[in-house]
Amino acid sequence: MRFSIALIVIAFLTASAYEINQSDWSGGPGVPGPNQYWYDTFKSETCITWDGTEGMIYLDMKSTPHFVGDGGSDFAYPADINGDGFVDIVTSCTNYNKHFWFENDRTGYTWTDHIIDSPGSTCRAAYPVDIDGDSYIDVVGAITTSTDDSLFWYRNTDGTGLVWEKCFIDLFSSPHCIYGADIDGDGDNDIAVGSYTHGVGVSWWENTDSAGTSWQRHIVTEDEDFDNFEELCLTDLDLDGDMDILSASSEHGASDFSALFFWENVDGTGLQWLGYQFDTDPVYGTPYSVHAGDMDNDGDIDVLAVDAAPPDWGRVYWFENMDGSCEVWEQHIIDDEFIGASAVRAADLTGDGHQDIIAAAGHNWGLWEVALWKNVGGTASEWAKHKLNAVGGRFDVRTADFSNDGVLNIVTNDVTWISLESENSGCLTSTIRDMEYNPEWESI
């Protein structure tokens, strides 16, 4: 819901009227006046956001953080692990070398942690997905040691999340980001993994027997130009009925050119991939996160991303899929001062049917904040920014309904979820304007 105020004064000067408007409130409150000019300040406000988007004021979004538990991972994924109809959270702790999940007590306010695996080696990127087709949510994770790096999946044996069977998938150097989906269209879930090692790239593993006991690796890219895959997003970008891959990587080529790519699953089998690079400006740093959604409500899938570089770069932007072909893209910058941007997601967080944007700036040289941009009108041409109240890690953000009330919430990686509530009313009181002539008040 948008809220705006315009103070209009009309005064007669030499028999002609002129109109005075205030359209910038970025200087903030505390100036009661009278002043000769309005400048960019005002007297006071209640429940109004004035410093989110330049030239706009609108109703606040109340945000309340709810602590879940210590995470220590780059990622936290929502999923109903024990099948009780309430969303739990899966994560890995690189500090304590374990994969684990937090059980939701069915209110979202009390959580119990359960260990999936504690191997004594570094655990990374636990991702929830049903591997063996028994309708229970399993977990795929990586374990790295001084001698080798391995991919495992953990069978949720009875669907309670209390008994896990550890199953080896393959060796893979420096696995950093994992995603599970049906890549070859055969009805079972496969996995895609991005590496942090030079020239290893992205591969996916075919779940050949649909039970998770036999796996075959297929390479998406192992180009020597690629390093440091930060994130993968699997989605049907070209709407041809199969899963494509979006990737964000922090180095590409001899010049360390960072890259945002769309990998087209050419025939739907996952055996042939075509890579398309989005035109991002390398001066703005590394694309750390990528996601997809229909941002402008035109029926095709667009791409959103963040990039950042120390000491003071950080952007949130989206690429418009101009004709739905995934061949012509136009970049739109939403915020170019989101310093230290590290994660981005699209979701309808304000309940109006439009895709909003949630992003985190979690780098230690950045803003260390989480923000929501409301998609005003649903055309992705106007955005109302809300800075959210967040605690703990802010490197990653995801969305889910943790309190089961039909309203989406936000979860951060370290591990806190955030509830949102829009204010219904608000007031901004302008600075008193000291006019040289007696004004004729037309409207206020």
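Here we summarise the structure given alongside this text. (Residues numbered from 1 in each chain as written. Predicted model: local features only at pLDDT ≥ 70, side-chain atom pairs only at ≥ 80, totals over all residues. Heavy atoms only, no water.)

In terms of regular secondary structure, the chain is built from 0 helices and 35 strands. With respect to the principal axes defined by its C-alpha atoms, the chain has extents near 85 × 45 × 40 Å. Across the 444 residues in the chain, those meeting the buried criterion constitute 55%. Carbon and sulfur atoms provide 46% of the accessible area of the chain, an area that totals close to 18200 Å². Charge-centre separation for the chain: the mean point of 17 positive side chains lies 9 Å from the mean point of 79 negative side chains. (Helix = DSSP H or I, 4+ residues; strand = E, 2+ residues; numbered from the N terminus. Buried < 20%, exposed > 50% of the residue type's maximum accessible area, 1.4 Å probe, protein only. Areas by Shrake-Rupley, 256 points an atom, 1.4 Å probe, with all protein chains shown as cover. Lys, Arg positive; Asp, Glu negative; His and termini not counted. Charge placed at Lys NZ, Arg CZ, Asp CG, Glu CD.)

Now for the pairing of strand S24 (residues 302–309). Extensive coverage of S24 is indicated by the burial of 8 of its 8 residues. Side chains of S24 alternate between two faces, with Asp-302, Leu-304, Val-306 and Ala-308 and Val-303, Ala-305, Asp-307 and Ala-309 buried alike. In terms of strand pairing, strand S23 (residues 286–293) meets S24 through 7 bridges, oriented antiparallel. Directly across from Pro-287, in S24, lies its bridge partner Asp-307. Bridging between S24 and strand S25 (residues 313–321) involves 7 bridges; their strand directions are antiparallel. Bridge assignment links Asp-307 to a residue of S25, and that residue is Arg-315. Hairpin connection of S24 to S25: 3 residues between the antiparallel strands. (Pairing = 2+ DSSP bridges.)

Moving on: the nonpolar core. Leu-151 and Ile-191 are the most contacted members of the largest nonpolar core, which has 36 residues in total. Those residues in contact with Leu-151, other than ones at most four positions away along the chain, are Gly-141, Ala-142, Cys-167, Phe-168, Ile-169, Asp-170, Phe-172, Pro-175, Ile-178, Ile-191, Val-193 and Trp-205. Core analysis: the next-biggest nonpolar cluster, separate from the first, contains 19 residues, Val-316, Val-344, Ala-359 and Ala-371 among them. (Core = buried A, V, L, I, M, F, W, Y, C linked by side-chain atoms within 4.5 Å. Contact = heavy atoms within 4.5 Å.)

Turning to its location among the elements, Val-376 is positioned in the loop between strand S29 (369–375) and strand S30 (383–388). In this structure Val-376 comes out as buried when scored by relative accessible area, which is 15%. In this structure, the C-alpha to C-alpha distance between Val-376 and Ile-137, residues 239 residues apart in sequence, is 36 Å.

The strand order S6-S33-S32-S31 describes an open sheet built from 4 strands, whose pairing is antiparallel. On the outer flanks of this sheet lie strand S6 (61–67) and strand S31 (397–400), each paired with one strand and no other. The mean inter-strand angle of the sheet, taken between neighbouring strand axes irrespective of direction, is 30 degrees. In this structure, S6 lies alongside strand S33 (residues 416–422), joined through 7 bridges in antiparallel fashion. Within S33, the residue paired with Phe-67 across the bridge is Thr-416. (Axes fitted to C-alpha atoms, helices over the stretch in contact; angles between N-to-C directions.)

Glancing now at the packing of aromatic side chains. Evaluation of the coordinates by the stated rule reveals 16 aromatic pairs. With a centroid separation of 5.8 Å and an interplanar angle of 70 degrees, the aromatic rings of Phe-42 and Trp-50 are classed as edge-to-face. Taking the relative accessible area as the measure of exposure, Phe-42 reaches 0% and is therefore buried. Ring centres of Phe-278 and Phe-319 lie 5.0 Å apart, and the angle between their planes is 40 degrees; on these two criteria the pair is classed as tilted. Here Phe-319 lies in strand S25 and Phe-278 lies in the loop between strand S22 (273–277) and S23, a separation of 41 residues in the sequence. (Phe/Tyr/Trp six-rings, centres within 6.5 Å; stacked < 30°, edge-to-face > 60°.)

With that out of the way, let us pick up a negative patch on the surface. Taken together, the side chains of Glu-222, Asp-223, Glu-224 and Asp-225 define an acidic patch exposed on the protein surface. Within the secondary structure, Asp-225 is located in the loop between strand S18 (215–221) and strand S19 (226–235). (Patch = residues over 30% accessible without salt bridge, like charges linked within 9 Å, V, L, I, M, F, W, Y side chains within 5 Å. Salt bridge = Lys/Arg side-chain N within 4 Å of Asp/Glu carboxyl O.)

In this structure, the amide linkage connecting Pro-310 to the following residue, Pro-311, adopts the cis form with an omega of 5 degrees. One can find Pro-311 in the loop between S24 and S25. Phi at Ser-174 takes a positive value of approximately 50 degrees, unusual for a residue other than glycine. Looking at the element boundaries, Ser-174 is found in the loop between strand S14 (164–171) and strand S15 (175–181). Classification of Ser-174 by relative accessible area gives partly exposed; the value is 24%.

Turning our eyes to something else, we now look at the sheet that holds S14. Strand order across the open sheet formed by 4 strands is S11-S12-S13-S14, with antiparallel pairing between neighbours. The outermost strands of the open sheet, each flanked by one partner alone, are strand S11 (122–129) and S14. Adjacent strand axes in the sheet meet at a mean angle of 25 degrees when their direction is disregarded. Where strand S13 (residues 149–156) lies against S14, 7 bridges are found, and the strand directions are antiparallel.

Time to look at the pattern of salt bridges. Charged atoms that come close allow side chains of opposite charge to pair. Under the defined criterion, the tally for this structure stands at 12 salt bridges. A salt bridge links Glu-231 to Arg-345, with the nearest nitrogen and oxygen atoms 2.5 Å apart. With Glu-231 in strand S19 and Arg-345 in strand S27 (residues 343–347), this pair connects stretches of sequence that are 114 residues apart. By the burial criterion, Glu-231 is buried, and Arg-345 matches it. For Asp-396, the salt bridge is made with Arg-345, and the minimal N-O distance between the two is 3.0 Å. Taken together, the residues span a long stretch of sequence, with Asp-396 in the loop between S30 and S31 and Arg-345 in strand S27 at a distance of 51 residues. Neither Asp-396 nor Arg-345 differs from the other in exposure class; each is buried.

Geometry only, nothing functional implied.
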